[in-house]
Amino acid sequence: MKQQLLGLFFGSILSTTVYAAGGAVNPILDDSFTFKLGASWLEAEGTFSSTRDGEPTDKLSTGDLNIDDSNTQPAFAFRWRFADRWRLTFDYLGLDNDGNVRKEFDDFEFGNIKASGFLAVDTEFKTDFYIAQAGYSFLKNERAELGIGGGVHVVRFDTKLKVSGGITGIGSGIVQADSVNLTAPLPNLLGFGTYAFTPKLSVDGSVGWFSLDYSDYSGDLLALSANLDYRVTKHIGVGVGYNYFDMDLTIDKSNRKDKYELDYKGPVIYVSAGF
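For the structure given in this document, a descriptive report is provided here. (Residues numbered from 1 in each chain as written. Predicted model: local features only at pLDDT ≥ 70, side-chain atom pairs only at ≥ 80, totals over all residues. Heavy atoms only, no water.)

1. So, the pairing of strand S12 (residues 256-274)
Step number 1: With seven bridges connecting them, strand S1 (residues 33-40) and S12 associate as antiparallel partners. Bridging from a neighbouring strand, Thr-34 pairs with Gly-274 of S12.
Step number 2: The sheet contact formed by strand S2 (residues 43-52) and S12 spans 10 bridges and is antiparallel. Counterpart to Arg-52 in the pairing with S12 is Arg-256.
Step number 3: In this sheet, S12 lies alongside strand S11 (residues 236-253) in antiparallel orientation, the contact comprising 18 bridges. From the neighbouring strand, Gly-239 faces S12, where its bridge partner is Tyr-270.
Step number 4: Connecting the antiparallel pair S11 and S12 is a turn made up of two residues, with Ser-254 showing a positive phi of about 45°. (Pairing = 2+ DSSP bridges. Helix = DSSP H or I, 4+ residues; strand = E, 2+ residues; numbered from the N terminus.)

Written out as structure tokens, the structure reads:
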């Protein structure tokens, strides 16, 4: 599925670039500096688990924990075109959702928590994506560009669980908590493209891909984004986009192993300024 998405992205951008010669130039293809500020609505779906000292724990899903649907978080993007075909970009997206569930568990384990019976499980689930990338446009004309590059997705997790109820071997009415706090730098390959329909309307997209075992990290990441941008004036614009992250990540440090199999997806709206 990931390979098909990659092929579809590059094929569609390449085909439009071939037929895009001539026509008006949209400022988005020439601006040295572009800033975007907006709001995103990311939703997380998947599973995660934490193991201490080799002891396995439950694989918890966002559905099991009744994690909230997407809520509003700030989004920021910056692009510096320091040469006609070269660029540096920085993006930030975040998710901060809570979950709570009240039900009977035969056995609930996560990190230091071991409980059974009727439990109240409260979850704080936060993820931040910091994305820095450099790219080169190997195809560029008056309407479109297509490029490749590389960079890093720095993913920061902050997951906290609080369980109230029967703690195994202790009794009922006990509250116990555990948390996962980590920051994972994930280097990635980059593909990007832009196509200007008119001097005011354009579409751009990017795909980042990572699959590597290094240091304490192993796994793979696919990141897709697409934006439709409208310039109200030469320098000010508005836009709407969509972001998708498919991540399988294992972090193995000393006596603890954390595993994440998560999809993040959702829209973004923004205002932009280009100069």
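From this point, the narrative continues.
2. Some remarks on the pattern of salt bridges
Step number 1: Considering all chains together, one arrives at nine salt bridges under this definition.
Step number 2: Notably, a salt bridge pairs Glu-145 with Arg-87, separated by 2.9 Å at the nearest N-O pair. Residue Glu-145 is located in strand S7 (residues 144-167), and its partner Arg-87 is located in strand S5 (residues 86-110); the two are separated by 58 residues in the primary sequence. Across this residue pair, the class does not change: Glu-145 and Arg-87 are buried.
Step number 3: Notably, a salt bridge pairs Glu-261 with Lys-259, separated by 3.8 Å at the nearest N-O pair.
Step number 4: Glu-261 gets classed as partly exposed once you look at its relative accessible area, which sits at 28%. (Salt bridge = Lys/Arg side-chain N within 4 Å of Asp/Glu carboxyl O. Buried < 20%, exposed > 50% of the residue type's maximum accessible area, 1.4 Å probe, protein only.)

3. Some points on the side chain of Thr-127
Step number 1: Mapped onto the secondary structure, Thr-127 falls in strand S6 (residues 113-140).
Step number 2: Residue Thr-127 is classed as buried on the basis of its relative accessible area, which comes to 0%.
Step number 3: Of note is the side chain of Thr-127, whose polar atom sits 2.9 Å from the side chain of Tyr-264. (Polar contact = N/O pair within 3.5 Å; in protein donor to acceptor, adjacent residues only side chain to side chain.)

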